[in-house]
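# Residue-level structure breakdown
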Amino acid sequence: MKRLFVVLSLLVAASMLLAACGPSTPPFECKDALGCVDIAPGAPIRVAYAMVVEGPDASLGIDSKRGVEIAIDDKKELLGHSIELVGENTGCNAEGGQAAATKLAADKSIVAIVGTSCSSEARAGAPILSDAGLTLVSASNTAPDLTDPAKHVAGYARTAHNDKVQGAVAAEFAYASGVRKAATIHDGSLYADQLQQVFANRFKELGGEIVYQAAIAPTDTDMRPVLTEIAAAGPEMIYYPIFVAAGGFVTAQVREVSGLENVKTMGADGIFSPDFIKAAGENVKGMYLSSPDFSAFGAGYTDFLKKHETKYGEKPLSAFHAHAYDAASIIFAAIEKVAVKDADGTLHIGRQALRDAIFATKEFSGLTGKLTCSATGDCADPKIAVYEVVNPDPATWNPGAAADSNPKKVYP
Amino acid sequence: MTKSWLKRVSATDVVMWVVSLIIAGIVIYGSISSLQSGKYDGNTWKDLIVYGLTQGSIYALIALGYTLVYGILRMINFAHSEIYMSGPFASYFLASALLTSGFMDKQPWLSLILVALFAMFSSMVIAVSVERIAYRPLRKAPRLAPLITAIGASFFIQYVFKGLFGAGVKNYPELDVLKGQVNIFGLEMYRIHVIVLISAVGLMALLYTLVMKTKLGKAMRAVSEDKDSAALMGINVDQIISTTFAIGGVLAGAAGFLYAIMFRQVSWYMGFIPGLKAFTAAVLGGIGNIPGAMLGGLFLGLIESIGPTLFLAGLGIPAPNQLKDVIAFTLLVFILIFRPTGILGERLATKKA
Amino acid sequence: MQQEKSYLRQALEQGLVGGAIIVLIALLGIVEAFKERSIVGTVLSMGQTFIIGTQFLISYRTARKAGSDQKMAITGGAVTGAVSGLVLAFLVLLSMLFDLRPVFLNASPALFSILAFGQSQIVGMVLLVVFGAGIGALAGVIDTLAVRIRSTILQIVAIVVLTGLLAELIKLVLGQWPSIGRAMNWMFAGKGLSIIGAVVVALVVLVYNVYQAYAPVDPKKKPFFDAENWRGSKGYVRIAISVAVLLILPQILGVYMSEVLDQVGLYILMGLGLNIVVGYAGLLDLGYVAFFAIGAYVVGVMTSPEIAPKFFGMTFTWWEAVIPAVLVATSFGVILGIPVLRMRGDYLAIVTLGFGEIIRIVALSDLLKPVIGGSQGIQGIAKPAIGGFVFQDQQSLYYIILAGVFLAAFVAIRLRDSRLGRSWMAMREDEDVAEAMGIHLVTTKLLAFATGAAFSGLSGAIFAAKIGSIYPHSFNLMVSINVLALIIVGGLGSIPGVVVGSFALVGLPELLREFADYRLLVYGALLVWMMLNRREGLWPEEAHQRELYIDKDTPADAEA
């Protein structure tokens with residue numbers, strides 16, 4: 001340690017000497033309110049991710065990170081520069097979000113950020129990044145308060161759906177399909193808890209009855225006791241907007257519980273994936289899933305899945321890879337719009353200009369629909385549809401298909 | 001007489017009684033109001049009991065591994081949860097190979113047995129290697145050193161599996177032979193539950209016989225009693241310890257296999273929570289005690305399954321199932337207050353514990 | 001002759017072990033993930049460093065075993081290196097015969113192309129063996145050199161690689177002053193060192209070593225931390241300088257490094273507390289996070305504008321909340337302490353673990369959602385403020401944490417040397433004897449739990465202010481395990497050990513964020529390695545160290 005210290009101080013001294021006699025060039029004048037990122041010719045444009053890539057929630061972040069990586073592969077280069085992805089693990093908790101944000105904020109060469117994974121990370125991390133002049137676009141934060149005008153942080157946008165939209169559509173569908181008594185399950189995550197609450201409130205507004213609001217732990221495997229408890233309340237539908245592992249357990253076990261043989265089941269975009277179909281098994285047939293309306297866009301997603309499989313050797317791990325792909329694409333488009341190239345080929349990107357350009361995104365065709373950002377950073381296509389799984393074979397998963405799609409669009 | 005009795009009562013005892021009374025009060029009041037609410041019929045309770053027993057028998061099999069190792073080395077083998085995970089995870093690849101080759105459809109039972117054997121074997125290999133590499137050099141170290149090693153080994157195995165095979169959830173094939181219900185003594189039960197219960201009980205009986213009736217079992221008990229004397233009696237202590245780990249591994253692999261065919265999902269993270277539960281079960285039953293681990297596992301499974309509905313639902317607590325671990329741990333404290341060494345543990349808190 | 005044969009066999013075995021390690025590294029995806037992360041310019045990437053480094057270390061180990069026979073050392077090294085290369089070549093061969101991808105996720109074509117040096121696989125396999133033998137022989141040659149030269153070479157290599165590894169952080173710190181940052185640019189390339197940078201670093205190390213070789217040796221010089229250095233007038237100067245350094249540290253290092261220091265500081269605080277419970281009193285507590293959570297939640301409930309008005313009709317400042325936070329945590333320490341008074345060893349461990357889980361689940365539950373927010377947590381927690389100055393960012397919060405750590409360390413040291421501290425240690429050694437000696441076990445145990453809980457509560461209170469919003473998910477078992485591991489890695493019962501342990505297990509992983517995917521893997525491997533090779537800890541307490549290496553007849557379970 002001591003030796004390292006000596007080495008370093010000698011180096012610092014040496015380079016200060018060098019700097020004193022080095023030639024100086026007239027600097028580019030940056031007029032941006034938040035400053036500029038300068039990218040020398042041949043240097044890469046650095047975009048960062050802030051996602052949970054280790055620990056029990058890793059699949060959520062790794063999934064999104066891969067979406068960004070594929071977006072970079074597809075883009076190949078931006079204004080003659082390659083794109084470099086750097087990033088930090090956020091751990092899906094507030095302290096991890098804060099630490100990652102602090103580290104990213106200290107790196108002045110980062111242009112923009114795709115992240116965070118979990119809403120708790122954004123609450124602790126977004127203010128730090130925003131104050132440092134960075135703009136972050138999240139692919140999987142769904143908590144309503146993040147884009148609530150009273151609490152919105154200037155540099156924060158997202159391509160994930162606000163729970164307010166999705167939960168309400170789910171409730172409206174449930175009511176429209178004749179359900180009057182519903183039960184909900186959440187797993188103690190911000191996402192699920194929020195979504196089921198929105199669902200419950202909207203469902204009650206419409207005149208339905210919420211007969212039971214249950215909660216589990218995301219690591220639970222035996223769901224039969226909680227389902228038995230729910231069965232006693234006699235719901236016609238169970239709404240569980242949770243994630244793949246626990247969602248699979250609930251779906252697989254729901255028919256084993258007496259009283260729930262014919263209950264309708266419904267999930268949300270957290271389990272809108274072939275992976276979930278595989279985990280849930282045959283009981284998934286007839287289950288409803290809310291998700292962005294896939295009929296709005298074409299074959300892009302199928303293509304994406306193919307690339308994913310060749311690049312990583314497995315299917316997507318969670319539900320937000322396409323949102324992440326779109327988040328990265330929005331950022332790239334905005335960079336193309338605002339970057340200025342000066343005489344010696346150096347690229348200058350104004351941070352405020354970039355932020356404005358991202359927030360001005362309009363009718364951007366992404367994998368998850370036509371994206372338009374609101375003033376408080378909600379960029380997701382607000383068109384939510386409800387799908388019904390018609391075939392439990394994961395190989396038939398093709399929600400974007402024109403005819404015979406599985407799952408099949410049933411609402412609106 | 002009364003006076004001397006009073007003298008022996010300390011403030012601590014009074015506090016503990018009060019705590020126990022409060023817990024007992026909640027439990028009794030909650031149970032009565034749940035039962036009176038009329039929301040749950042006999043069938044509900046029967047189902048809950050079956051669920052509890054199936055989950056509990058898996059806990060019990062894992063708990064046996066903790067208890068065997070503890071009995072011999074007096075150490076908590078924290079990595080046991082990963083030993084449990086590695087078996088079904090490894091045999092997932094065998095299962096999917098059998099499925100794609102069509103063998104599984106032709107010979108479902110034989111395939112299942114092959115998969116089960118491979119799971120047990122894989123867990124055994126991991127268990128023995130962990131012992132050989134990480135624990136054996138620490139035989140004489142103070143007790144915290146192997147605990148930390150075990151925690152380290154646990155992380156290492158988890159993340160090696162995640163790194164090698166991916167972070168995603170892997171699914172066991174759905175087999176028709178495991179589906180449907182059977183009628184046992186007039187009780188309609190799912191076939192899979194019956195298979196899990198019978199296999200678990202069978203394995204436990206086998207282990208009990210092994211430890212109590214065979215020469216190897218005698219040697220194990222001798223080593224557990226006193227390593228040095230056992231060595232003097234001509235017992236190869238290292239070998240017995242290895243064997244113990246192997247047996248624990250086999251049971252964990254079997255538990256993992258049963259889990260995998262019942263719940264059909266395996267992942268690198270699946271061991272942690274059941275491991276913790278099984279460890280709790282082992283302590284509950286009296287760690288180091290083989291029937292104790294079985295009893296503790298079944299009891300814990302039952303409490304987790306019935307507890308929220310029986311004790312809490314009647315009190316009007318929202319989402320009681322979320323609190324099932326709270327119930328389990330509170331009852332653990334409750335039991336340990338009266339029996340500080342678990343249900344079947346040695347009566348006196350000897351210095352071993 | 002017999003001996004030589006067995007030596008070659010050893011070399012062979014070592015080679016197999018090394019090869020297995022490299023195959024594991026490759027299949028875990030480490031080689032591919034870091035193939036473009038440079039250590040030294042385009043010459044050496046981190047992926048390569050892992051392969052070459054492992055081969056080198058394992059061959060060097062073999063060579064060392066050869067003793068004074070130079071020829072044997074070189075042969076042994078070469079054999080080990082070649083065998084490890086052979087194992088790797090076997091993996092390449094397997095990949096040609098089977099598609100490994102369905103099982104091993106990272107067995108991608110890109111990986112095998114790297115392993116085959118970009119050549120065709122057959123050529124690559126031959127190259128792997130030859131290259132391995134070369135590295136091994138080199139390790140053997142280095143082993144045969146004179147001590148001074150050998151140590152200089154190894155130091156140069158180690159420091160160049162280390163600087164390359166940390167280059168990004170060095171750049172980050174230097175980057176605070178744009179002019180220095182720019183002036184130092186020649187040293188770095190990508191995330192690592194440039195070739196010139198590496199040469200300069202190597203030269204500096206060389207010069208330093210040459211200077212050391214010829215500098216006069218001062219026989220009276222004591223190690224830096226030796227107690228004698230810190231006494232007398234000279235000692236005061238040293239103390240003053242150290243305090244000054246600690247005070248300006250966050251300003252020099254910048255925001256991110258301050259964040260790291262803050263995290264380390266919070267864990268030091270917890271570590272000091274748990275050290276009393278486990279290190280002094282010998283009570284194994286696996287649910288220590290509970291008190292941390294309680295401290296954080298009390299501050300949250302009292303200062304959050306969303307919650308506090310509901311209960312108190314007003315919000316409190318952080319300073320007003322911190323004392324109740326510590327008091328509530330302390331009383332929970334006592335509440336937990338009472339039922340577990342009669343339990344020993346592992347029964348205690350599982351009950352405390354359960355207690356930690358209970359607190360987390362209850363905080364998360366829908367039952368208490370109206371009070372403490374459930375999964376939505378508590379937001380808008382107040383930051384500490386003095387007068388008009390708000391401790392807003394990590395750089396200023398550092399001072400609050402530093403003050404907390406000093407306070408806790410002072411209390412811990414005074415307690416250790418007090419009558420109570422001696423009772424704790426007596427109890428740790430043998431409860432029954434301690435009781436027979438007139439130590440009141442109930443009070444002594446409860447005081448240990450209470451003190452430990454108080455430190456943890458304080459840490460939680462600062463944590464809440466630092467994050468600004470708290471969630472039950474932050475208070476999981478991992479925190480308890482981490483604190484326990486750090487006091488043991490640092491050296492059980494040793495206060496400087498807690499500091500060293502926190503830097504090693506909290507600071508280092510935070511600095512090496514780049515390895516996010518592999519962090520816990522390495523953490524696990526390191527814990528095992530530490531316990532096997534240096535179980536007394538990095539900075540052991542003297543009494544404990546003595547205990548660990550006394551005669552082997554002491555039963556392993558004497559320390560309950």
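Here the structure is a predicted model, which is why all the values come from computation and not from measurement. (Residues numbered from 1 in each chain as written. Chains lettered and ligands numbered in written order. Predicted model: local features only at pLDDT ≥ 70, side-chain atom pairs only at ≥ 80, totals over all residues. Heavy atoms only, no water.)

Per the secondary structure count, chain B includes 14 helices and 4 strands. Over its C-alpha trace chain B gives a radius of gyration of 22 Å, about what one expects of a compact globule, namely 20 Å for 353 residues. For the C-alpha atoms alone, the extent of chain B along its principal axes is close to 75 × 60 × 40 Å. Expressed as a percentage of its 353 residues, the buried residues of chain B come to 61%. (Helix = DSSP H or I, 4+ residues; strand = E, 2+ residues; numbered from the N terminus. Rg over C-alpha atoms; globule rule 2.2 N^0.38 Å. Buried < 20%, exposed > 50% of the residue type's maximum accessible area, 1.4 Å probe, protein only.)

Below, the discussion takes up the overall build of chain A. For chain A, the count of helices and strands is 12 helices and 18 strands. Computed over its C-alpha atoms, the radius of gyration of chain A comes to 23 Å, within 12% of the 22 Å expected for a compact globule of 412 residues. Along the longest, intermediate and shortest principal axes, the C-alpha atoms of chain A span 85 × 50 × 45 Å. Of all 412 residues assigned to chain A, the portion counted as buried reaches 62%. Looking at chain A alone, contacts between residues at least 24 apart form 70% of all its contacts between residues at least 6 apart. By element, 55% of the accessible surface of chain A is carried by carbon and sulfur atoms, the whole surface being about 14,000 Å². Counting 36 positive and 48 negative side-chain charges, chain A places the averaged centre of each group 2 Å from the other. (Contact = heavy atoms within 4.5 Å. Areas by Shrake-Rupley, 256 points an atom, 1.4 Å probe, with all protein chains shown as cover. Lys, Arg positive; Asp, Glu negative; His and termini not counted. Charge placed at Lys NZ, Arg CZ, Asp CG, Glu CD.)

Listed by partner, the interface residues are 62 residues for chain B and 59 residues for chain C. Overall, the association of chain B and chain C removes approximately 5,500 Å² of surface from exposure, summing both partners, and the carbon and sulfur fraction of that is 77%. It is Arg143(B), Ile148(B) and Leu164(B) that lose the most area in chain B upon contact with chain C, and together they represent 12% of the buried surface on that side. Where chain B meets chain C, there are 0 salt bridges. Linking chain B to chain C there are 4 residue pairs in polar contact (both at pLDDT 80 or more). If you list the elements that add at least two residues to the side of chain B that touches chain C, you get helix H2 (11-37), helix H6 (108-135), helix H7 (144-165), helix H12 (272-285) and helix H14 (324-338) of chain B. Take the side of chain B that touches chain C: its biggest share by element is 16 residues, from H7(B). (Buried area = accessible area lost by both parts, 1.4 Å probe. Salt bridge = Lys/Arg side-chain N within 4 Å of Asp/Glu carboxyl O. Polar contact = N/O pair within 3.5 Å; in protein donor to acceptor, adjacent residues only side chain to side chain.)

Our next topic: the domain arrangement of chain A. All names here are of chain A. One can read the domain layout of chain A as domain 1 (36-160 + 320-381) and domain 2 (164-296 + 385-411). Relative to domain 2, the C-alpha centre of domain 1 lies at a distance of 30 Å. At the interface, 9 residues of domain 1 touch 7 residues of domain 2. For the pair domain 1 and domain 2, the summed buried area comes to about 810 Å², and 70% of that belongs to carbon and sulfur atoms. Contact with domain 2 buries area across many residues of domain 1, yet Thr-142, Pro-144 and Phe-320 alone supply 47% of it, more than any other trio. Joining domain 1 to domain 2, the criterion identifies 0 salt bridges. On inspection of domain 1 and its partner domain 2, the count reaches 0 residue pairs in polar contact (both at pLDDT 80 or more). (Domains from an automatic or database assignment.)

Another point: the environment of Ser502(C). Residues and elements named next belong to chain C. Within the secondary structure layout, Ser-502 lies in helix H21 (residues 495-511). With a relative accessible area of 0%, Ser-502 lands in the buried category. Separated by 237 residues in the primary sequence, Ser-502 and Gly-265 have C-alpha atoms spaced 7.9 Å apart.

Residues and elements named next belong to chain A. Between helix H5 (residues 163-176) and helix H6 (residues 190-205), whose axes approach to 8 Å, the crossing angle comes to 45 degrees. Taken together, the axes of H5 and H6 lie oblique to each other. In the packing of H5 onto H6, the handedness of the crossing is right-handed. Listed contacts from H6 to Asp-163, Lys-164, Gln-166, Gly-167, Ala-168, Ala-170, Ala-171, Glu-172, Ala-174 and Tyr-175 of H5 are Tyr-191, Gln-194, Leu-195, Val-198, Phe-199, Arg-202 and Phe-203. Tallied by class, residues from the contact of H5 with H6 come to 10 nonpolar, 3 polar and 4 charged. (Axes fitted to C-alpha atoms, helices over the stretch in contact; angles between N-to-C directions. Parallel < 35°, antiparallel > 145°, perpendicular 65-115°, else oblique. Left-handed = near helix turned anticlockwise from the far one by under 90°. Nonpolar A, V, L, I, M, F, W, Y, C, P; charged D, E, K, R; others polar.)

A separate point is a nonpolar patch on the surface. All names here are of chain C. A surface patch of nonpolar side chains, about 900 Å² in accessible area, is lined by Phe-90, Leu-93, Met-96, Leu-97, Phe-98, Phe-117, Ile-122, Val-123, Leu-127 and Phe-131. Of all elements in the fold, only helix H4 (70-97) and helix H6 (121-144) reach the threshold of two or more residues within the nonpolar patch. A relative accessible area of 33% places Met-96 in the partly exposed class. (Patch = residues over 30% accessible without salt bridge, like charges linked within 9 Å, V, L, I, M, F, W, Y side chains within 5 Å.)

As a further point, take the confidence of the model for chain A. Residue and element names in this part refer to chain A. The predicted model of chain A averages 84 in pLDDT, with 91% of residues at 70 or higher. Mean pLDDT in chain A bottoms out at helix H1 (residues 2-21), which sits at 56, and peaks at strand S10 (residues 237-239), which reaches 94. Note on residues 19-24: pLDDT is under 50 here. Beyond four places in sequence and across chains, it has 1 contact. (pLDDT = per-residue confidence, 0-100.)

Considering all chains together, one arrives at 35 salt bridges over all chains under this definition. One salt bridge connects Arg136(B) with Glu131(B), and the closest N-O pair in it is separated by 3.3 Å. Of the charged contacts, one joins Lys445(C) and Glu431(C) as a salt bridge, the two residues approaching to 3.3 Å between their closest N and O atoms. Linking Lys445(C) in helix H19 (residues 441-467) with Glu431(C) in helix H18 (residues 431-436), this pair joins segments that are 14 residues apart in sequence. Connected through shared salt-bridge partners, Arg46(A), Glu84(A), Asp107(A) and Glu168(C) make up one network.

Let us now look at the packing of aromatic side chains. Under the counting rule described, the total for this entry stands at 41 aromatic pairs over all chains. Judged by centre distance (5.9 Å) and plane angle (70 degrees), the ring pair of Phe463(C) and Phe475(C) falls under edge-to-face. Of this pair, Phe463(C) sits in helix H19 while Phe475(C) sits in the loop between H19 and helix H20 (477-490), and the two are 12 residues apart along the sequence. For the pair formed by Phe463(C) and Phe475(C), the shared burial category is buried. Over the ring of Tyr175(A) we find Arg180(A), and its NZ or CZ is 3.7 Å from the ring centre. For Lys162(B), the ring lying beneath its charged end belongs to Trp268(B), and the centroid distance is 5.4 Å. (Phe/Tyr/Trp six-rings, centres within 6.5 Å; stacked < 30°, edge-to-face > 60°. Lys NZ or Arg CZ within 6 Å of the ring centre and 35° of its normal.)

What follows covers the side chain of Thr152(C). Residue and element names in this part refer to chain C. Of note, Thr-152 is situated in helix H7 (residues 147-174). Side-chain polar atoms of Thr-152 contact the backbone oxygen of Arg-148, separated by 2.7 Å. Not counting the four nearest positions on each side in its chain, Thr-152 is found in contact with Leu-206 and Asn-209.

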